[in-house]
Each structure stands twice: as structure tokens, then as C-alpha cells.
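One-letter residues, chain by chain:
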Amino acid sequence: MSAVMEPSQTRGAARTPSAGKPLVVAHDLAKTFDVSAPWLNRVLERKPRTLLHAVDGVSFEIERGKTLALVGESGCGKSTVARLLVGLYEPTRGGMHFDGQDAHAAFKTAEGRKLRKRIQMIFQDPYASLNPRWIVEDIIAEPMREHGLLSGKEAVKARVGELLQSVGLSPLDMVKYPHQFSGGQRQRISIARALATAPEFLVCDEPTSALDVSVQAQVLNIMKDLQRERGLTYLFISHNLAVVRHVSDQVGVMYLGRLVELADKAELFARPRHPYTRMLLDAIPQMHATGRSRTPVQGEVPNPLNPPTGCAFHPRCPHANARCSAERPALLSIGGVRVACHAVEEGRI
Ligand SMILES: Nc1ncnc2c1ncn2[C@@H]1O[C@H](COP(=O)(O)OP(=O)(O)OP(=O)(O)O)[C@@H](O)[C@H]1O
Ligand code: SF4
Ligand SMILES: [Mg+2]
């Protein structure tokens, strides 16, 4: 019997203070990167500092045991949100509460260790995130050793064996190296490693994007089973709406660092409000089941160093008017979903 308690075992204790409240609350999260030229060049060329607003005022909540998916085109800030949530980045503004606790304040103190144990991340490329020179046993055991969770060789082996089984691999696999596995199996190993500290919240950044379609489904099903068994909470990042539809409870659509729509999955797929959400859905023919006219896909994501004024989507939007290019729409609750669009607010679409 392992000494590390699964969330299902700890849930009773953890629930009391937070019962009924969201486990994760992101409020006004923002991250700005300084991408200026080197100091000397700037002085000689009389250039100002260049700031890139990768994430700008993102707020959402995730209930315990649920999945929020974040979607959006490349560069819209999804991975930056992920890195903010696990404490790899310090926010420029705003923050995150985890189980009622200010996470970014805690990350800086001794409490941060406990919190890092409860929040883990899975990356897109399992090969890059697994040390090729280590055997699987050491890869999965590392987070346990780092957090002082298990002592004794046999206890560690037993726990690693359990974790491998929980992701559909064999305990016999623990003596192998990452290159001896397929891509899907390697991603299962990263999931087992992420589960080693018995976390409650998993931030999954495109966990299946590098895999073949058939293998993607297997890994997604394992993730769903693990969620059910352990009461896990997921933030799931993907640019693939078919995947998002399969795994999420709520969906947040991002455009140039901001959330433009946040809704329950069924609502978002049945009645997408924001023109950008419609454009994303319309790019996938079989998902277009609403009977409305299609929003033509047009244009490209603007340069984040020089974002459009007003609504950042206005150069690509077929419903844009003068207000759209002048005034940035706020994310408002409209008909039970949150949408940032003047035309939706005005009832024009
Ligand atoms: N460390 C960094 N320094 C400077 N700019 C960065 C850094 N990380 C991200 N960016 C920029 O911030 C913006 C958001 O990047 P991010 O990686 O979060 O997007 P993404 O939605 O995950 O994209 P993708 O779908 O391609 O993974 C991009 O313009 C990117 O170039
Ligand atoms: S605010 Fe205007 S430009 Fe932006 S999505 Fe809505 S209609 Fe289009
Ligand atoms: Mg990314």
C-alpha cells in the first residue's frame, strides 16, 4: 500500500473549507514580455522599449473535478496562461486562487512546495519532457523524491508500478528508457509522472497534439478515466475543437491574449456567439449544425506587438463597424455565457 494518498482519499478532508467553491479561480491574469532590442541598440537607434502583452486580463473559474478547455489560434496566449497557473511565470497583473489560497503569493513562500505538489503540468512533447538517459522508474519517482513523499526502494517501486498500471502500461516497463516506447506510450509515462505527487489540478498543454489520431483517442480516454477515478480538475489546452468537444465541460476561446467567449461546452458548440468562435467552428464542416449562415474564414492573427485598436478581431470580422475599431468590448454575461463582442451586446448578430 502506497504512502501517498490519492485525491479520492484526501477529498473528504480537502472538501470541508472549499466545498461548493471553484478549485481554481483566475482573476485578471496578465503577462507582458519585454521583447526590446538590447539596451545599446535601443539607445543608439533611439527606440523605446517593446512590450508584448501575451495574456491580458484573463479570468475564469474551474470547479473541482471539471475540465475547462482553452482554444485559439497559435500565439493567442494559451501556453502562457498554462505557465502562469503552475507558477512557471509570475503574473504581470492579477493572479490565481487555488482552493481559496492566493497561489502566486504562496509560490514564493515555503507553502509553495505544498502547492506545487497539488498542481502539475503535462506538456505537448513527451519526448522533450522525459529525460532520455533515465529509466522510467527514475523519471516517475523523481517528483516523489523531490517532495519527500516516499522512502525505501521497494515502496517507490510499488508506487511507480501502480502509476504505470493506472495509465495502461505494465510495471515491467519501469526498467526501460523513453526511446523504447511509442509516442502515445511516452505521453502515458508523462501522465504517470504528473500523477506521482497525487495532484488535484492538471494543466495539460496540447497533450495529444503530437500524436496520431487513433493514439490521441486512447490517451484522451485514459485522461478521462483518471479524472473520474481521482476527481481530477483539468485545464486542457488544444487548438483541435474535436478534441475539446470530447474532453471539456466548459470552453474558453482566446484571441490575442484575451478571452472572447466562455461558455458551457454544449452551449458553445450549439450556439457560438462570438464571430471568432463561429469562424473556428465553421472551419470544421461536421461541427456546423446550427443552420445559420457561415462566417467566412478570413485574414490572419495580427502581430501581437502591434495589436489592432478596439476589438482586436475587427480586421477579420464580417460584423465590424466603427465602434468595433474604436472601443474594446468587455467580456459580458449575455444569455448565460460570457462574450466580448459589441454586435452580440447590441443584438446585431
Ligand atoms: N518567453 C517569452 N518571451 C517573449 N514572448 C513570448 C514568450 N512566451 C510567449 N511569448 C509570446 O506570447 C504570445 C503568446 O504565446 P503562447 O506560447 O502563450 O501562445 P499559444 O497560444 O500557446 O500558441 P501555440 O498554439 O503556438 O502554442 C506569442 O506572441 C509569443 O510569441
Ligand atoms: S466587437 Fe465588432 S469586430 Fe469584434 S467581434 Fe464583435 S462585431 Fe466583430
Ligand atoms: Mg502553446
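Above this text you will find the structure in question.
Residues numbered from 1 in each chain as written. Chains lettered and ligands numbered in written order. Predicted model: local features only at pLDDT ≥ 70, side-chain atom pairs only at ≥ 80, totals over all residues. Heavy atoms only, no water.

Draft legend 1. Summary view of the overall build of the protein chain. Broken down by element type, the protein chain carries 15 helices and twelve strands. For a compact globule of 349 residues, the expected C-alpha radius of gyration is about 20 Å, and the protein chain comes in at 22 Å, within 12% of that figure. Each principal axis of the C-alpha atoms in the protein chain carries an extent, and together these give about 70 × 60 × 45 Å. A sequence separation of at least 24 residues applies to 65% of the contacts in the protein chain between residues at least 6 apart. Taken as a whole, the protein chain presents about 16,300 Å² of accessible surface, with 51% of it coming from carbon and sulfur. Looking at the protein chain, you have 44 positive and 35 negative side-chain charges, and the mean spots of the two groups are 1 Å apart. (Helix = DSSP H or I, 4+ residues; strand = E, 2+ residues; numbered from the N terminus. Rg over C-alpha atoms; globule rule 2.2 N^0.38 Å. Contact = heavy atoms within 4.5 Å. Areas by Shrake-Rupley, 256 points an atom, 1.4 Å probe, with all protein chains shown as cover. Lys, Arg positive; Asp, Glu negative; His and termini not counted. Charge placed at Lys NZ, Arg CZ, Asp CG, Glu CD.)

Draft legend 2. Expanded view of the sheet that holds strand E4 (residues 93-98). Pairing in this open sheet of four strands is antiparallel, and the strands run E2-E1-E4-E5 from one edge to the other. Two strands lie at the open edges of the sheet, namely strand E2 (51-62) and strand E5 (101-102), each paired on one side alone. Note: strand E1 (residues 24-34) against E2, nine bridges, orientation antiparallel. Its bridge partner being in E2, Val24 is matched across the sheet by Ile62. The strands that helix H3 (residues 78-85) touches are E1, E2 and E4; relative to E2, the one it contacts most, it runs at about 65°. (Pairing = 2+ DSSP bridges. Axes fitted to C-alpha atoms, helices over the stretch in contact; angles between N-to-C directions.)

Draft legend 3. Summary view of the side chain of Ser190. The residue Ser190 is located in helix H9 (residues 183-195) in this model. For Ser190, a relative accessible area of 8% corresponds to the buried category. (Buried < 20%, exposed > 50% of the residue type's maximum accessible area, 1.4 Å probe, protein only.)

Draft legend 4. Fine view of the site of ligand 2. Neighbouring ligand 2 are 13 residues, the closest being Cys311, Cys317, Cys324, Cys341 and His342. When grouped by side-chain class, the residues that make up the shell around ligand 2 number nine nonpolar, four polar and no charged. (Near = heavy atom within 4 Å. Nonpolar A, V, L, I, M, F, W, Y, C, P; charged D, E, K, R; others polar.)

Draft legend 5. View of the sheet that holds strand E12 (residues 337-339). Read from one edge of the open sheet, eight strands run E6-E7-E8-E3-E9-E10-E12-E11, paired in mixed fashion. Pairing within the sheet leaves two strands with one partner each, and these edge strands are strand E6 (119-122) and strand E11 (332-334). In this sheet, adjacent strand axes meet at a mean angle of 20° when their direction is disregarded. Contacts between helix H5 (residues 111-118) and the sheet are confined to E6 and strand E7 (201-205), with E6 contributing the most and set at about 50° to the helix.

Draft legend 6. How the structure looks around a nonpolar patch on the surface. Taken together, Trp39, Leu40, Val43 and Leu44 make up a surface patch of nonpolar side chains, about 470 Å² in accessible area. With respect to the helices and strands, Val43 occurs in helix H2 (residues 39-45). (Patch = residues over 30% accessible without salt bridge, like charges linked within 9 Å, V, L, I, M, F, W, Y side chains within 5 Å. Salt bridge = Lys/Arg side-chain N within 4 Å of Asp/Glu carboxyl O.)

Draft legend 7. Spatial organisation of the environment of His314. Here His314 is to be found in the loop between helix H13 (275-282) and helix H14 (322-326). When the C-alpha atoms of His314 and Cys324 are compared, they prove to be 6.2 Å apart, with ten residues separating the residues in sequence. Setting aside chain neighbours within four positions, we find His314 in contact with Pro308, Thr309, Ala320, Cys324 and Ser325. At 3.1 Å, the side chain of His314 forms a polar contact with the backbone oxygen of Thr309. (Polar contact = N/O pair within 3.5 Å; in protein donor to acceptor, adjacent residues only side chain to side chain.)

Draft legend 8. Spotlight on the site of ligand 1. Surrounding ligand 1, one finds 13 residues, the nearest of these being Ser74, Gly75, Lys78, Ser79 and Thr80. At a separation of 2.5 Å, an oxygen atom of ligand 1 approaches a polar side-chain atom of Ser74. Between ligand 1 and Gly75 there is a distance of 2.8 Å, counted from an oxygen atom to a backbone nitrogen or oxygen. Within the complex, the protein chains bury 65% of what would otherwise be the 630 Å² of accessible surface of ligand 1. Here the element with the most residues in the shell around ligand 1 is H3; it accounts for three residues.

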